[in-house]
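# Analysis of the macromolecular model
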Amino acid sequence: MKPPRILSIAGSDNSGGAGIQADIKTITMLRGHAMTAITAVTVQTSQAVLAVHPVPLDIIVAQIETCLADTGVDAIKIGMLGSAETAAAIGAVLARHPAIPVVLDPVMVASNGDRLADAATIASMRALAAQAAVITPNLPELAILADLPGDASEDALLAAAKALAADWGVFVVMKGGHGGDAMLTDRLIAPDGSVQTWADPRIDTSHSHGTGCTLSAALATGLGRGEAMADALSVARRFVRAALKAAPGYVARNGTMGHGQVRLED
Ligand code: PXL
């Protein structure tokens, strides 16, 4: 079988740990063919996003359309959108390709704490979510999508995730990384409200820059290969955990994961 063709629509992280760069490494390590539509060029360090340079809308759309028309696309991962207009334009393209599974990572804040989406972009994410096969919010992102306060209980967040899954007809991966427990629990909520749970000891590292990008790119790669949602998520979680354990530690904190060192077959 040929490698699955995975299109990442996301922002560039010049530090190489997150965004498009994390996606290309992840898709490649999982034996997919990575293609890109860059929405914005960011300038960032492990500590801060210093600048965001949006890519013109027609160039974003042209990057997507050429991949679809030429190589072909088995699955799409969407990360940083950059603007509400970009989200709407991507939605219009996706509407013409309803058979391609879409993983939407509702990127709002970089792991160094800087914002990557304004209020209008977040509002337009909701419309895009209804076109996705699966969305992958962390706990703060889920609270914002569901209009809950930032200190909402995990029970309230789970109920909200079930409601979003039903309303939008999507799977919701409720990522537990921002929870405080020593056991990290990720949940997969199906549109019918059924829940599958994965729990593992939290990996003790401060180098978690790019975990969300990496998980969503890995999930897209599995879906593009034709794997069922739960199977693709299992592999994606293993990939993230292995890359976290392999983080090289170039900087004091919030450094890159070790994508290139992952050997899942070991
Ligand atoms: O992980 C969120 C994210 C998404 N996209 C880009 C990023 C980051 C975090 O740093 O840089 C481009």
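Read on for a plain summary of the structure. It should be emphasised that the depicted structure is a prediction, and the values quoted were computed from it without experimental measurement. (Residues numbered from 1 in each chain as written. Predicted model: local features only at pLDDT ≥ 70, side-chain atom pairs only at ≥ 80, totals over all residues. Heavy atoms only, no water.)

## A look at the environment of Ser-216
Mapping Ser-216 onto the fold places it in helix 7 (residues 211-224). Taking the C-alpha atoms as reference points, Ser-216 and Thr-26, 190 residues apart in sequence, are found 9.5 Å from one another. Ignoring sequence-local partners within four residues, the contact set of Ser-216 consists of Lys-77, Val-103, Asp-105 and Thr-136. Here Lys-77 takes part through its side chain, which lies 2.8 Å from a polar atom of the side chain of Ser-216. (Helix = DSSP H or I, 4+ residues; strand = E, 2+ residues; numbered from the N terminus. Contact = heavy atoms within 4.5 Å. Polar contact = N/O pair within 3.5 Å; in protein donor to acceptor, adjacent residues only side chain to side chain.)

## Re the layout of surface pockets
Estimated volume of the largest pocket: approximately 990 Å³. Lining of the largest pocket is provided by 46 residues; of these, His-178, Ser-208, Gly-210, Thr-211 and Gly-212 occupy positions nearest its centre. Of all the secondary structure elements, the ones that give two or more residues to the lining of the largest pocket are strand 1 (5-13), helix 1 (19-29), strand 2 (33-44), helix 5 (139-145), strand 8 (183-189), helix 7 and helix 8 (229-245). When its residues are assigned to classes, the lining of the largest pocket shows 17 nonpolar, 19 polar and 10 charged. Approximately 230 Å³ is the volume attributed to the second largest pocket. If you trace the second largest pocket, you find 19 residues lining it, with Ser-15, Pro-248, Tyr-250, Gly-255 and Thr-256 closest to the centre. In terms of residue class, the lining of the second largest pocket is made up of five nonpolar, 13 polar and one charged. (1 Å grid on protein atoms, 1.4 Å probe; cavity = no way out; pocket = protein on both sides within 12 Å on 5 of 7 lines; lining within 4 Å. Points joined across faces, edges and corners; volume = space filled by probe spheres on them. Nonpolar A, V, L, I, M, F, W, Y, C, P; charged D, E, K, R; others polar.)

## What to know about the site of the ligand
What surrounds the ligand is the set Gly-11, Ser-12, Asp-13, Ala-18, Gly-19, Gln-44, Met-80, Val-107, Ala-110, Leu-116, His-209 and Cys-213. Take Gln-44: an N or O atom from its side chain is 2.4 Å from an oxygen atom of the ligand. Because more than half of its atoms lie within 2 Å of the grid, the ligand is assigned to the largest pocket. When residues of the shell around the ligand are assigned to their parent elements, the largest contribution, three residues, is made by strand 1. Tallied by class, residues from the shell around the ligand come to six nonpolar, five polar and one charged. (Near = heavy atom within 4 Å. Sits in = over half its atoms within 2 Å of the grid points.)

## Here we look at the sheet that holds strand 6 (residues 134-135)
Strands sit in the order 3-2-1-4-5-6-7-8-9 across an open sheet of nine strands; the sheet is mixed. In this open sheet, the two edge strands, each paired with only one partner strand, are strand 3 (49-54) and strand 9 (195-201). Pairing of strand 5 (residues 102-104) with strand 6 involves two bridges; the strand directions are parallel. Within the sheet, the bridge partner assigned to Val-103 lies in strand 6 and is Val-134. Against the sheet, helix 3 (residues 84-95) makes contact with strand 1, strand 2, strand 4 (75-78) and strand 5, and its axis sits at roughly 170 degrees relative to strand 4, the strand it touches most. (Pairing = 2+ DSSP bridges. Axes fitted to C-alpha atoms, helices over the stretch in contact; angles between N-to-C directions.)

## Notes on the pairing of strand 1
Counting buried residues in strand 1 gives eight out of nine residues, a clear majority hidden from the surface. The pairing of strand 1 with strand 2 spans eight bridges and is classified as parallel. Bridged to Asp-13 within strand 2 is Thr-42. Where the polypeptide runs from strand 1 across helix 1 and back to strand 2, its parallel neighbour, the crossover connection is right-handed. Bridge count between strand 1 and strand 4: four bridges; the pairing is parallel. Counterpart to Ser-8 in the pairing with strand 4 is Lys-77. (Buried < 20%, exposed > 50% of the residue type's maximum accessible area, 1.4 Å probe, protein only. Right-handed = clockwise from strand over helix to strand, strands pointing away.)

## Section: empty space enclosed by the protein
Per the stated rule, a full pass over the model turns up one cavity of 30 Å³ or more. Here the largest cavity is characterised by a volume of approximately 30 Å³. Around the largest cavity, the lining residues are Leu-30, Ala-218, Thr-221, Gly-222, Arg-225, Glu-227, Ala-232 and Val-235. Elements that contribute at least two residues to the lining of the largest cavity include exactly helix 7 and helix 8.

## A word on helix 4 (residues 119-129)
Within the sequence span of helix 4, burial applies to Thr-121, Ile-122, Ser-124, Met-125, Leu-128 and Ala-129. The buried residues of helix 4 occupy one face: seen down the axis, they fall within an arc of 165 degrees. Pointing more than 90 degrees away from the buried face of helix 4 are the exposed residues Ala-119 and Ala-127. Looking at the buried side of helix 4, the elements it contacts are strand 4, helix 3, strand 5, strand 6, helix 5 and helix 6 (154-168). (Arc of directions from axis to C-beta.)

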